[in-house]
Amino acid sequence: MPSIPERSLPVGTVTFLFTDIEGSTRLLSALGDRYPALLATHNMLLRDSIARHAGIDVSTEGDAFFAVFGSALDAVTAAAEAQRILD
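**Some thoughts on the sheet that holds strand 2 (residues 55-61)**
- Pairing within the open sheet is antiparallel, and its 3 strands lie in the order 1-3-2. Two strands bound the open sheet, and with one partner strand each, they are strand 1 (15-19) and strand 2. Strand-to-strand, the axes of this sheet are offset by a mean angle of 20 degrees, without reference to chain direction.
- Sheet topology places strand 2 next to strand 3 (residues 64-69); 6 bridges connect them, and they run antiparallel.

Okay, structure coming up:
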């Protein structure tokens, strides 16, 4: 994964957002070959929500995201929006 230029990261007091798909191992077993497409859609929707609320996608591993925001309100808004979209 390419490193993120320091100038794009927020400074001062920041808020971290960590996400993970609950039960992803069970979901992978249940969906089989359909899981990669589902994960790709999940990742796209989450990245869009993070970006829309001024967050930076720092790292992704499997189905987990680590994002940073310059505002706690932006982080909470992005998380709530993503959860609503993904439900």
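Still more to cover.
**Concerning the nonpolar core**
- With 9 residues, the main nonpolar core is built from L17, L46, I50, F65, A67, F69, A75, A78 and A82.
- For this core, the secondary-structure elements that each account for two or more residues are helix 2 (35-52), strand 3 and helix 3 (72-86).
- When residues no more than four places from it in sequence are discounted, the contact partners of F69 are P10, V14, T15, L17, I50, H53, A54, G55, D74, A75 and A78.

**Notes on the side chain of D57**
- By the element assignment, D57 lies in strand 2.
- A polar contact of 2.8 Å, which involves the side chain of D57, links it to the side chain of R47.

**Quick word on the packing of helix 2 against helix 3**
- Running from N to C, helix 2 and helix 3 cross one another at 150 degrees; their axes reach a closest spacing of 9 Å. The orientation of helix 2 with respect to helix 3, classified from their angle, is roughly antiparallel. Relative to helix 3, helix 2 is oriented so that their crossing is right-handed. Contacts between helix 2 and helix 3 involve H42, L45, L46, S49, I50 and R52 from the former and A78, E81, A82, I85 and L86 from the latter.
- Class assignment of the residues belonging to the contact of helix 2 with helix 3 gives a composition of 7 nonpolar, 2 polar and 2 charged.

Calculation notes
Residues numbered from 1 in each chain as written. Predicted model: local features only at pLDDT ≥ 70, side-chain atom pairs only at ≥ 80, totals over all residues. Heavy atoms only, no water. Pairing = 2+ DSSP bridges. Helix = DSSP H or I, 4+ residues; strand = E, 2+ residues; numbered from the N terminus. Axes fitted to C-alpha atoms, helices over the stretch in contact; angles between N-to-C directions. Core = buried A, V, L, I, M, F, W, Y, C linked by side-chain atoms within 4.5 Å. Buried < 20%, exposed > 50% of the residue type's maximum accessible area, 1.4 Å probe, protein only. Contact = heavy atoms within 4.5 Å. Polar contact = N/O pair within 3.5 Å; in protein donor to acceptor, adjacent residues only side chain to side chain. Parallel < 35°, antiparallel > 145°, perpendicular 65-115°, else oblique. Left-handed = near helix turned anticlockwise from the far one by under 90°. Nonpolar A, V, L, I, M, F, W, Y, C, P; charged D, E, K, R; others polar.

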